[in-house]
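# Coordinate inspection notes
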Amino acid sequence: DVKVTQSSRYLVKRTGEKVFLECVQDMDHENMFWYRQDPGLGLRLIYFSYDVKMKEKGDIPEGYSVSREKKERFSLILESASTNQTSMYLCASSSPGTGGADTQYFGPGTRLTVL
Amino acid sequence: EDQVTQSPEALRLQEGESSSLNCSYTVSGLRGLFWYRQDPGKGPEFLFTLYSAGEEKEKERLKATLTKKESFLHITAPKPEDSATYLCAVTIASGTYKYIFGTGTRLKVLA
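What this report covers is the structure whose coordinates are included nearby. (Residues numbered from 1 in each chain as written. Chains lettered and ligands numbered in written order. Predicted model: local features only at pLDDT ≥ 70, side-chain atom pairs only at ≥ 80, totals over all residues. Heavy atoms only, no water.)

## A word on the overall build of chain A
Helix and strand content of chain A: zero helices and 11 strands. Counted from the first residue to the last, chain A has its helices and strands arranged as β-β-β-β-β-β-β-β-β-β-β. Its C-alpha atoms give chain A a radius of gyration of 14 Å, near enough to 13 Å, the size a compact globule of 115 residues would have. Reported as C-alpha extents along the three principal axes, the dimensions of chain A are approximately 45 × 30 × 25 Å. Burial status across chain A gives 49% buried among its 115 residues. For chain A, restricting intrachain contacts to residue pairs at least 6 apart in sequence, the fraction spanning at least 24 positions comes to 55%. Separation of charge centres in chain A, based on 15 positive and 15 negative side chains, amounts to 7 Å. (Helix = DSSP H or I, 4+ residues; strand = E, 2+ residues; numbered from the N terminus. Rg over C-alpha atoms; globule rule 2.2 N^0.38 Å. Buried < 20%, exposed > 50% of the residue type's maximum accessible area, 1.4 Å probe, protein only. Contact = heavy atoms within 4.5 Å. Lys, Arg positive; Asp, Glu negative; His and termini not counted. Charge placed at Lys NZ, Arg CZ, Asp CG, Glu CD.)

Structure representation (structure tokens):
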């Protein structure tokens, strides 16, 4: 079974704090992803990584950065948290599929509240 | 513009009342279509991948089908434990690893 774990289920932070969200996968997947999910907006891609130390911006990278020092671990960093970053954050990793259609497996999510 | 649309937004069924959820897509070069189930406050759980028109996949009371324009998730004789949000996503030929998600269908099955 694929297992993707996230460091916290719930997190409450203050405006301006630096926030680290960590994600670990145990399936030796090349690709890892960070999304945020908001009501009415669905899942939006923040960043993804296709190899150690490699990253690419997704659709909404502003206000976020990422780090991938080891293959199994992908961190999302909020440099200075703001209230509009209150959201559900989801990590995923993917395995190769037919014709390049990789299947993504998600972690349980971190509900972040910024006060 | 590549787009995925799910309908209906919400669906209430009586236990045992079969129905279908729709995922229509307008993309250039579909590589794969994915169905996920998401319970409140949790991450999406993978259900199916479909790669080409005419393909079908089944799991318990769920059956996913794919045409050139849309996918259906058929739920046969649903039970209350099938209540969840069902998400559809696609990957496209030019999209590297990117998924395009629909906004989901919230399904409620009443006992």
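## So, the interface of chain B and chain A
Contact with chain B, which involves 20 residues of that partner, is made by 27 residues of chain A. Carbon and sulfur atoms supply 60% of the area that chain B and chain A bury against each other, a total of about 1800 Å² over both sides. One can count zero salt bridges joining chain B with chain A. At the boundary of chain B with chain A, the tally comes to seven residue pairs in polar contact (both at pLDDT 80 or more). Those elements that place two or more of their residues in the side of chain B that touches chain A are β4 (30-38), β5 (45-50) and β9 (84-92) of chain B. The element contributing the most residues to the side of chain B that touches chain A is β4(B), with five residues. Looking at the side of chain B that touches chain A residue by residue, the classes come out as nine nonpolar, eight polar and three charged. (Buried area = accessible area lost by both parts, 1.4 Å probe. Salt bridge = Lys/Arg side-chain N within 4 Å of Asp/Glu carboxyl O. Polar contact = N/O pair within 3.5 Å; in protein donor to acceptor, adjacent residues only side chain to side chain. Nonpolar A, V, L, I, M, F, W, Y, C, P; charged D, E, K, R; others polar.)

From the geometry alone we can't say anything about function, so treat these as descriptive.
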